[in-house]
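Structure at a glance
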Amino acid sequence: MGMMLVFVLILASFLGFELISKVPAQLHTPLMSGSNAISGITVVGAILSLSGAFVVSSDTMTIILGTLSVFFATINVVGGYMVTDRMLSMFNTGKKEDHVS
Amino acid sequence: MSEAIINGLYIISAIFFVFGLKMLGKADQARKGNLVSAVGMLIAIVTALVSQSVLEWQWIAIGMIAGSIVGAMAARLVAMTAMPEMVAIFNGFGGAASLLVGWSEYHRYTVTNTYMDADVLSLLIIILTIVIGGATFTGSLVAWGKLSGKLPSKAIQYPGQQFVNVLLVALIIGSAALFGPLRESLSIDSYLLVIATILVACILGITFVIPIGGGDMPVVISLLNSFSGMAACAAGFVISNNVLIVAGALVGSSGIILTNIMCKSMNRKLTNVLFSGFGASKSSAGGGFQGEANPVSVEDAYLMLEAASNVLVVPGYGMAVAQAQHAIQELADQLEANGTEVNFAVHPVAGRMPGHMNVLLAEANVPYEQLKEMDDVNPNIENVDIAIVIGANDVVNPAARTDETSPIYGMPVIDVDKARTVIVMKRSMKPGFAGIDNPLFFNDNTRMLFGDAKKSTQGLVAEFKG
């Protein structure tokens, strides 16, 4: 199992290296913001830390840590995707509509 | 739900992330790409929610609802100009979440009294998650502070800086060793050790970012973004979860590449950015150029613009601060109505983040065709009648071409000094974000239009209308 996960890690890392190349400068900020939203995937870990297989008892500290991490990760996910969309929506309108003065 | 279905769903969500990232890098598909990646996230979250018998569902609900509200509000309300610091702080929260996941995993060992029986590798990964997460959290907060002006943006340097960082890293390695392989010989409570490690990691994040100048924050945020991916990846190993590892690794490695691309567009090396204290090297600011600047009034600037046949607008962070993007677009309309050709030249790292200016100009409905890249305008810049520099400084500094002692020597700049006339809209003669003098302001063909960029621009528009 452990080796399998390392294998997954290495493949995914190489994929990440290959995915990003020749990105036009105006997309750097949205790309950073969008990939930042993906790093909010920790929310899955945070949810699992409050779920069946991992919770031993209704331990207060577990609940505090878990709830806080769900909270922070959700901010990262929701805020990240929304802010990226807001940025990109501006590019689209700027391109499609002919400007009326 | 069976293990196979769960893993299958996680794989599907990972595929969405891969395609989403790929599309985000292409101008015409970027927005769809973001949506694709968001769907992947939704699949992963729903899968996590249904995969286990969720015991503390009310707490998960509270965390998610509160987090969604805060995240959505922040994303909605933030001004487009404050986008870079927003990304920095979201990134910091991601790091904090990873830190907490690692911590809560350790906490589980203490509750079940299995700490001494846990295998060394798992413990080391827990510490790694905590350390990367903690350093990302505080590092991002410092970056946010510098960008939003809550902390001084210049590089803060102190003697023995490298030594302090090395010491902190050594402390972390030491405590990781004590926490994992050497835990039998640990004389204090392991919980104390974990708390201490968290504190050291948080301090490391601060000492790592604080000596880096504000002008380099884009690179730092991109790097921290990569770190938060690695933190998520490490958290994935802690709980043996595929989707965390894949998504985290994707962000981690693509973040490194993006950081590298950004460094290249500034013609600098990453190590240089991180360890050289950019912008702090020049202690005697203002000593270099003591020439006479030529101020110009709004009326005179109007007369110059009215006679021009083509105008090149070069925006910088000052435009963002003054919220002048709409005013400048209005001015561009007036100029075009007057028969003047108007173009916008966007330096790849103008503003506080690459692409920052493009976002703002797009917000102001500047037509896409008028946005030119640096490499397209520089060869013909001698034919430009008037270059309007609005709130840009370092990206138009000719010292980058001519002065080998300048800290930005070698950085590609927009050569506005070669245009026939340059109008610089600026608040004062203060040096820019990087704290470097700009000889452009003292050139014979440069006119300084002092004052708030938005007010000056609106003044020009009024002259055209009047």
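Everything numeric in this text was worked out from a predicted model, so none of it was measured.

**Here we look at the interface of chain B and chain A**
- Contacts between chain B and chain A engage 103 residues on the former and 80 residues on the latter.
- If you list the elements that add at least two residues to the side of chain B that touches chain A, you get α1 (3-24), α2 (30-51), α3 (57-77), α4 (83-111), α8 (217-238), α9 (242-265) and α14 (356-363) of chain B.
- It is α9(B) that provides the largest number of residues to the side of chain B that touches chain A, a total of 19 residues.
- Tallied by class, residues from the side of chain B that touches chain A come to 61 nonpolar, 33 polar and nine charged.

**As for α1(B)**
- With 22 residues, α1(B) should cover 32 Å at 1.5 Å per step; its first-to-last C-alpha distance of 31 Å lies within 8% of that length.
- On the buried face of α1(B), the contacting elements are α1 (2-19) and α2 (28-38) of chain A together with α2 and α9 of chain B.

**Points about the nonpolar core**
- Judged by nonpolar contacts, the single largest core of 186 residues is most densely connected at B:Ala247, B:Val314, B:Val389 and B:Ile390.
- No other element matches the 17 residues that helix α4 (residues 60-96) of chain A contributes to this core.
- With near-sequence residues (within four places) excluded, B:Val389 lies in contact with B:Val314, B:Val396, B:Val416, B:Val422, B:Val424 and B:Met425.

**Some thoughts on the domain arrangement of chain B**
- Annotation of chain B at the domain level lists domain 1 (1-77), domain 2 (92-275) and domain 3 (298-465).
- Between domain 2 of chain B and domain 3 of chain B, the C-alpha centre-to-centre distance is 39 Å.

**Observations regarding the pairing of strand β1 (residues 310-315) of chain B**
Residues and elements named next belong to chain B.
- The buried count for β1 comes to five of six residues, which makes it a mostly enclosed element.
- Sheet topology places β1 next to strand β2 (residues 341-346); four bridges connect them, and they run parallel. Counted as the bridge partner of Val313 is Phe344 from β2.
- For β1 and strand β4 (residues 386-390), the ladder comprises five bridges, and the chain directions are parallel. Residue pairing for β4: Val314 is matched across the bridge by Val389.

Reading the values: the criteria
- Chains are numbered independently. Their residues run from 1 in the order of the written sequence.
- Following the order in which they are written, the chains are lettered starting with A and the ligands numbered starting with 1.
- The predicted origin of the model limits local features to residues at a pLDDT of at least 70 and limits the giving and counting of side-chain atom pairs to 80 or more, whereas totals for whole chains, interfaces and linings rest on all residues.
- A pair of residues counts as a contact when their C-beta atoms, built from backbone coordinates, are separated by no more than 7 Å.
- In DSSP terms, a helix is any run of H or I states spanning at least four residues, a strand is any run of E spanning at least two, and both are numbered starting from the N terminus.
- Only Asp, Glu, Lys and Arg are considered charged in this grouping, and only Ala, Val, Leu, Ile, Met, Phe, Trp, Tyr, Cys and Pro are considered nonpolar; every other residue, Gly among them, is considered polar.
- Here the expected length of a helix is defined as 1.5 Å per residue gap, with one fewer gap than residues.
- To form a nonpolar core, buried Ala, Val, Leu, Ile, Met, Phe, Trp, Tyr and Cys residues must be joined through C-beta atoms within 7 Å.
- Partly exposed residues are those falling between the two cut-offs: more than 12 but fewer than 20 other C-beta atoms within 10 Å of their own, whereas 20 or more means buried and 12 or fewer means exposed, with C-beta atoms placed from the backbone.
- What counts as a domain boundary in this text is fixed by an automatic or database domain assignment.
- Here a strand pair is declared whenever DSSP counts at least two bridges between the two strands.

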